[in-house]
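# An overview of the molecular structure
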Amino acid sequence: MEKFIINKNSNCEFQFEFRDKKGHIILSSGGYTRKLMCLKGIESVKRNSQDNLKFFRKTNSNNEVYYKLKAFNGKMIGISKLFKTKESREKSIESLKIKAPLAPIEDHCKESIKMIFSPSLNIAI
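All values derive from a computational prediction rather than experimental measurement.

Our next topic: the environment of Ile105. Summarising the element assignment, Ile105 is placed in strand β7 (residues 105–107). Along the primary structure Ile105 and Ile5 are separated by 100 residues, whereas in three dimensions their C-alpha atoms are 5.8 Å apart.

The terminal C-alpha atoms of helix α1 (residues 35–48) lie 20 Å apart, and with 14 residues this matches the ideal 20 Å at 1.5 Å per residue to within 8%. The complete set of buried residues in α1 reads Lys35, Cys38, Leu39, Gly41, Ile42, Ser44, Val45, Lys46 and Asn48.

The next point concerns the pairing of strand β2 (residues 14–19). On a regular strand, each side chain points to the face opposite its neighbour's, so the side chains alternate between the two faces of the sheet. Where strand β1 (residues 3–8) meets β2, six bridges bridge the pair, whose relative direction is antiparallel. By the bridge assignment, Lys3 is partnered in β2 with Arg19. Counting the residues that bridge the hairpin from β1 to β2 gives five residues, and of these Cys12 lies at a positive phi of roughly 60°. Bridge count for β2 against strand β3 (residues 25–28) is three bridges, and the pairing is antiparallel. Bridge pairing in β3 places Glu17 opposite Ser28.

Right, let's talk about helix α2 (residues 86–99) for a bit. Its 14 residues place the ends of α2 20 Å apart at the C-alpha level, agreeing with the 20 Å of an ideal helix rising 1.5 Å per residue. Within α2, the full set of buried residues consists of Arg89, Ser92, Ile93, Leu96 and Lys97. Viewed along the axis of α2, the buried residues span an arc of 135°, placing them on a single side of the element. In α2, the exposed residues that point more than 90 degrees away from the buried face are Glu87, Lys91 and Ile98.

So, about the pattern of salt bridges. All chains considered together, the criterion is met by seven salt bridges. Between Lys54 and Asp51 there is a salt bridge whose closest N-O contact spans 3.5 Å. Look at Asp51 and you get partly exposed, because its relative accessible area is 26%. Three or more residues joined by partner-sharing salt bridges are found here, namely Arg57, Arg89 and Glu90.

This part covers the nonpolar core. Among the nonpolar cores identified, the biggest contains 25 residues, and Phe4, Ile6, Phe16, Phe18, Val45, Tyr67 and Leu96 are the most heavily contacted of them. Residue assignment for this core shows that the elements contributing at least two residues are β1, β2, β3, α1, β5 (65–70) and α2. Take this core: its biggest share by element is four residues, from α1. Ignoring anything within four residues of it in the chain, the contact list for Val45 reads Phe4, Phe16, Leu27, Leu69, Ile77 and Ala100.

So, on to unusual backbone geometry. Although it is not a glycine, Cys12 adopts a positive phi angle of roughly 60°. Inspection of the secondary structure puts Cys12 in the loop between β1 and β2. Note on Cys12: relative accessible area 54%, which makes it exposed. Backbone geometry places Asn63, a non-glycine residue, at a positive phi of 65°. Its location among the elements puts Asn63 in the loop between β4 (55–59) and β5.

About the cut-offs
Residues numbered from 1 in each chain as written. Predicted model: local features only at pLDDT ≥ 70, side-chain atom pairs only at ≥ 80, totals over all residues. Heavy atoms only, no water. Helix = DSSP H or I, 4+ residues; strand = E, 2+ residues; numbered from the N terminus. Expected span 1.5 Å × (residues − 1). Buried < 20%, exposed > 50% of the residue type's maximum accessible area, 1.4 Å probe, protein only. Pairing = 2+ DSSP bridges. Arc of directions from axis to C-beta. Salt bridge = Lys/Arg side-chain N within 4 Å of Asp/Glu carboxyl O. Core = buried A, V, L, I, M, F, W, Y, C linked by side-chain atoms within 4.5 Å. Contact = heavy atoms within 4.5 Å.

See the structure below:
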């Protein structure tokens with residue numbers, strides 16, 4: 001099953017990854033200083049992944065392709081893994097559009113937070 005996973009990075013910031021059913025990382029976020037902001041980032045992926053105009057398709061100097069997902073305000077929410085072909089990148093985008101909105105969230109941080117219930121957040125802690 002595809003899912004979001006919250007971890008802490010080497011800078012002790014919260015970060016999420018969207019993983020496919022095999023456990024491969026498809027999309028990674030930047031760092032967040034607060035877990036609640038990380039959760040809001042996941043909510044933003046779920047919402048903004050439904051808009052094709054929010055996907056910015058890129059190619060690096062090694063001719064590998066990837067994409068960035070941006071929010072309505074233009075800020076980057078996440079960056080994909082590298083793909084060898086444009087076709088595989090497009091398949092990943094289509095999969096994210098379908099799977100992200102209902103994907104559960106696994107919190108691997110062990111830090112609890114107090115938060116107001118949000119129906120769009122599906123959290124497995």
